[in-house]
Amino acid sequence: MVVATGRQNGFWNLLTFFKKDTVNNPTGESNGNLEKDVEKPITRVLFCGPHCPASHEYTALYLQNHSYIKVDVLPFEDVPKDIDKYHVCIVKNMSLNSDIISRAVQMQLIMQYGVGLEGVDIDAATRLGIKVARIPSDVTGNSASCAEMAIYLMLGLLRKQNELQISIQQKKLGEPVTETLLGKIIFILGFGNIGMDLAKRLQPFGVKVIATKRSWASYAQHASKLSRNEVDDLVNVKGSHEDIHDFARKADIVVCCLGLNSETAGIINKNFISSMKKGALLVNVARGGLVDYEAVINHLKSGHLGGLGTDVAWTEPFDPDDQILKFKNVIMTPHVAGVTEHSYRSMAKTVGDVVLQLHAGLPLTGIELVN
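In this report, the structure presented in the accompanying data block is examined. Each chain carries its own residue numbering, running from 1 in the written order of its sequence. In keeping with the predicted nature of the model, local features appear solely for residues at pLDDT of at least 70, side-chain atom pairs appear and are counted solely at 80 or more, and the whole-chain, interface and lining totals rest on all residues. As a convention, hydrogens and water are excluded, and side-chain values are obtained from all of the structure's heavy atoms.

## Quick look at the overall build of the protein
Here comes step 1: A tally of helices and strands in the protein yields 16 helices and 13 strands.
Here comes step 2: When each of the 371 residues of the protein is scored for burial, the buried share is 48%.
Here comes step 3: Here the contacts in the protein between residues at least 6 apart in sequence split such that 69% fall between residues at least 24 apart.
Here comes step 4: Summed over its atoms, the accessible surface of the protein is roughly 17,100 Å², and 51% of this surface lies on carbon and sulfur atoms. By the criteria applied, helices consist of DSSP H or I runs no shorter than four residues and strands consist of E runs no shorter than two, each listed in order from the N terminus. We call a residue buried when its accessible area falls under 20% of the maximum for its residue type, exposed when it is over 50%, and partly exposed in between, using a 1.4 Å probe and counting protein chains only. Contacts are assigned to residue pairs that have any heavy atoms within 4.5 Å of one another. Note on areas: these come from Shrake-Rupley sampling with a 1.4 Å probe, and a residue is covered only by the protein chains present in the view.

## Things to note about the packing of helix α8 (residues 142-158) against helix α10 (residues 193-202)
Here comes step 1: Only the contacting stretch of a helix is used when fitting its axis, a line to C-alpha atoms as for every element, and angles between N-to-C directions run 0 to 180 degrees. It is at 8 Å that the axes of α8 and α10 come closest, and there the two elements cross at 55 degrees. In this view, α8 runs oblique relative to α10, as classed from their interaxial angle. α8 and α10 meet at a crossing whose hand is right-handed. Across from Ser-143, Ala-144, Cys-146, Ala-147, Glu-148, Ala-150, Ile-151 and Met-154 in α8, the residues of α10 making contact are Asn-193, Ile-194, Asp-197, Leu-198, Arg-201 and Leu-202.
Here comes step 2: Each residue is assigned to one class: nonpolar for Ala, Val, Leu, Ile, Met, Phe, Trp, Tyr, Cys and Pro, charged for Asp, Glu, Lys and Arg, and polar for all the others, Gly among them. Broken down by class, the residue content of the contact of α8 with α10 amounts to 9 nonpolar, 2 polar and 3 charged. Orientation is classified from the angle alone, with under 35 degrees giving roughly parallel, over 145 giving roughly antiparallel, 65 to 115 giving roughly perpendicular, and any other angle giving oblique. Helix crossings fall into two classes, left-handed where the near helix is turned counterclockwise from the far one by less than a right angle and right-handed where it is turned clockwise.

## Observations regarding the pairing of strand β7 (residues 208-212)
Here comes step 1: The element β7 is largely enclosed, with a buried count of 4 among its 5 residues.
Here comes step 2: Examined bridge by bridge, strand β6 (residues 185-189) and β7 share 5 bridges and lie parallel to one another. Pairing of Ile-185 across the sheet is with Lys-208, part of β7.
Here comes step 3: One requirement defines pairing of two strands: DSSP has to find at least two bridges between them. Sheet topology places β7 next to strand β8 (residues 237-239); 3 bridges connect them, and they run parallel.

## Thoughts on the nonpolar core
Here comes step 1: To qualify as a nonpolar core, a set must consist of buried Ala, Val, Leu, Ile, Met, Phe, Trp, Tyr and Cys residues joined through side-chain atoms within 4.5 Å. Judged by nonpolar contacts, the single largest core of 33 residues is most densely connected at Met-154, Phe-191, Leu-198, Leu-202, Ile-253, Val-255 and Val-283.
Here comes step 2: At the level of elements, α8, β6, α10, β7, α12 (228-234), β9 (253-256) and β10 (281-284) are the ones that each hand at least two residues to this core.
Here comes step 3: For this core, the element with the highest residue contribution is α8, accounting for 9 residues.
Here comes step 4: Here Ile-253 is in contact with Met-154, Leu-158, Leu-181, Ile-185, Ile-186, Phe-187, Leu-281 and Val-283, once residues within four sequence places are set aside.
Here comes step 5: Membership of the second largest hydrophobic core comes to 30 residues, among which are Cys-256, Ile-267, Phe-272 and Leu-290.

This is how it looks when you write it as structure tokens:
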């Protein structure tokens, strides 16, 4: 099998893990039988763009013993002209519009290496009979990883991470005075898998959790990990979308965990931030498009917004010269909240299993089809 990318240091250290996992073949056949079947046609898997390289590297390792699966990585600019050669597409950071999808004449499945599908024209894929899917975040450790990043950003802002480094450089001791999570009111905006994992992890910190969700009734019907009573134990006050400004007025920290769609784009705007407490903190581990950049800049300048901790941005990759990075109360990470060994190994296995199932003509498991 060929992978169109260079190996990074430590890449082969994961061989043992994947060799063990591939023993359990998701197609139901023994690996030996599959390897002997050299007449099987090639199933070609496309990873779009160079970002999040561990996604294609770990998937390639998981599939390395299956010679009839070919994993490629293409630059963004090459995808439109070469997508016609592939059966499975992992979009990552690329937008697949109707024009690009119309060229995917052999495509059977478009997937995200995670949950976000806002860049995929799902209607266009549906018209062409192409399935579109995400990987549920609650079973791979992705949502847990993002929840931990949210706590990291909260603590970094409260403990004034950037100012601490300045004190070290200036050989100062015992300053600045920082804050704790203890006693804070945390507003989880969007109580999905990430929000739920965040609420669970906040329990030992002695905080009050308030959260909004469009429909708590539908959540209670479909939530697989927690019962209604357990959710009530995690959330002190529950609200709906209409309550977001009222909840923002009460919170010391707002954590954005929403999915990005036409209704949520720019939801953290001037009105929302103005409704927050003066000095309150904003944390975003979801999507950059949820936040109005100018509104954040202006409220940081005025001092109304006490700090920003974000793993995502309005344009990605980030501009290292962006003026927002000049604020001492801004912490930014390069879209790595879900990029952990645990979650990426789990998602590589999910992608690999689905590709093998597709190749064998079996039902696809472990993913959430959206069309």
